Amino acid sequence: MQYEQVCYKTPEERRGVVDGVASAVIDYFPRLKKWNVIPDVDKAYKWLVEMDNRLMEISDPDDVSQKTLRIVDKKFGFRSIPKKYSENRWNITHYCPPSNRNKYLILQSSRQDTGSTLLANILIGLFEPIDTSYSYLIKKHGKWRVKSDSKYHLVEEIENMDIRVIKTHITDLVFLKSLFKPVYGDSIVFIRSDRCYSDPTCKIKDMMCVKYEDMLYETPEEMRGVIERISSAVTGKFPQLNMWNIIPDVDRAYKRQIEMDKRLHEMSNSNDTSKATFRNVDDKFGVHGNHKGQSKTW
């Protein structure tokens, strides 16, 4: 596990770390379930509260002597941590490094004609902190850039932007990870829409696939059901999202899909199949006029 996945600053974040570690361990070692091993989250949380209180008792930020550093608590196994020795690591204020859990990326890496735009917008609604524009990876002027808010940003430039979901039709996961790792570190997961294709990468640890037919809907109720199932599947597949304190917002995603469908209806004309109509693009949702797919237009 990454250091930043287990640091916390508040009681709520502490609880989230405990929940996330428990889920990650059970997910990684499924045989624990066969052995009827059930993690006790409440007990672990109380243990951490007691440990933090004890650490506060024996720590003195103003005392940097070797004598103070040699104070060891045998129950919890840590030393008193004066400020001098806690620079850039865990201390009484639970310092979290810049690459903390709030900086993460969901790369929606799908082939064309698989419902990828639909899936991207559901993920944006669920996981972006605000109702934002669609972000897309594209090569322009010989360099890889992320198009967002009608602007093209070099990959290294998005470090100061809060972009959490990026769509691409590139399916080379090794390349994508190497491209975005300088910005997001190891806090990258992949989600792919899958249609009429047996994709072996769907089974790897950092990839989740969503079948095209599982994203289709005809009524608002069915739309909400699709969003809820994808939300549950993502958090189940990637327990590290719990450790990063990432909570999907189903209501926001539902509202976004209603708005997207309305906009698509406004842009579409089944009697006009010209390229000019198709080139009409909405930058917020990434949809084209007469975008093919759902209901013969989406």
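Residues numbered from 1 in each chain as written. Predicted model: local features only at pLDDT ≥ 70, side-chain atom pairs only at ≥ 80, totals over all residues. Heavy atoms only, no water.

Trainee: What exactly am I supposed to notice about the packing of aromatic side chains here?
Mentor: In this description, a pair of aromatic rings is defined by centroid distance and the angle of the planes. Applying the stated criterion across every chain yields a total of four aromatic pairs. Considering the side-chain rings of Tyr134 and Tyr136, the 6.2 Å spacing of their centres and the 10° angle between planes classify their relative orientation as stacked. The ring of Tyr212 has Arg195 sitting right over it, with the charged end atom 3.8 Å from the ring centre. Lying across the ring of Tyr254, Arg224 places its NZ or CZ 5.3 Å from the centre. (Phe/Tyr/Trp six-rings, centres within 6.5 Å; stacked < 30°, edge-to-face > 60°. Lys NZ or Arg CZ within 6 Å of the ring centre and 35° of its normal.)

Trainee: Hey, could you run me through the environment of Leu154 in this one?
Mentor: The topology assignment puts Leu154 in strand S6 (residues 151-154). Residues Leu154 and Lys139, 15 residues apart in the sequence, show an inter-C-alpha distance of 9.7 Å. (Helix = DSSP H or I, 4+ residues; strand = E, 2+ residues; numbered from the N terminus.)

Trainee: How do you make sense of the side chain of Arg145 when you look at a structure like this?
Mentor: Position of Arg145 among the secondary structure elements: in strand S5 (residues 143-148). One polar contact links the side chain of Arg145 to the main-chain carbonyl oxygen of Lys140, over a distance of 2.9 Å. Sequence-distant contacts of Arg145, that is, excluding residues within four places in its chain, are made with Tyr136, Leu137, Ile138, Lys140, Tyr152, His153 and Leu154. (Polar contact = N/O pair within 3.5 Å; in protein donor to acceptor, adjacent residues only side chain to side chain. Contact = heavy atoms within 4.5 Å.)

Trainee: What is the right way to read the state of the cysteines from this model?
Mentor: Here, disulfide denotes a covalent bond that connects the sulfur atoms of two cysteines. On inspection of all chains with the given rule, the structure shows one disulfide. The disulfide bridge from Cys202 ends at Cys209, spanning 2.0 Å between sulfur atoms. On the sign convention where negative is left-handed, the bridge of Cys202 and Cys209, at about -85° about the S-S bond, is left-handed. (Disulfide = S-S within 2.5 Å.)

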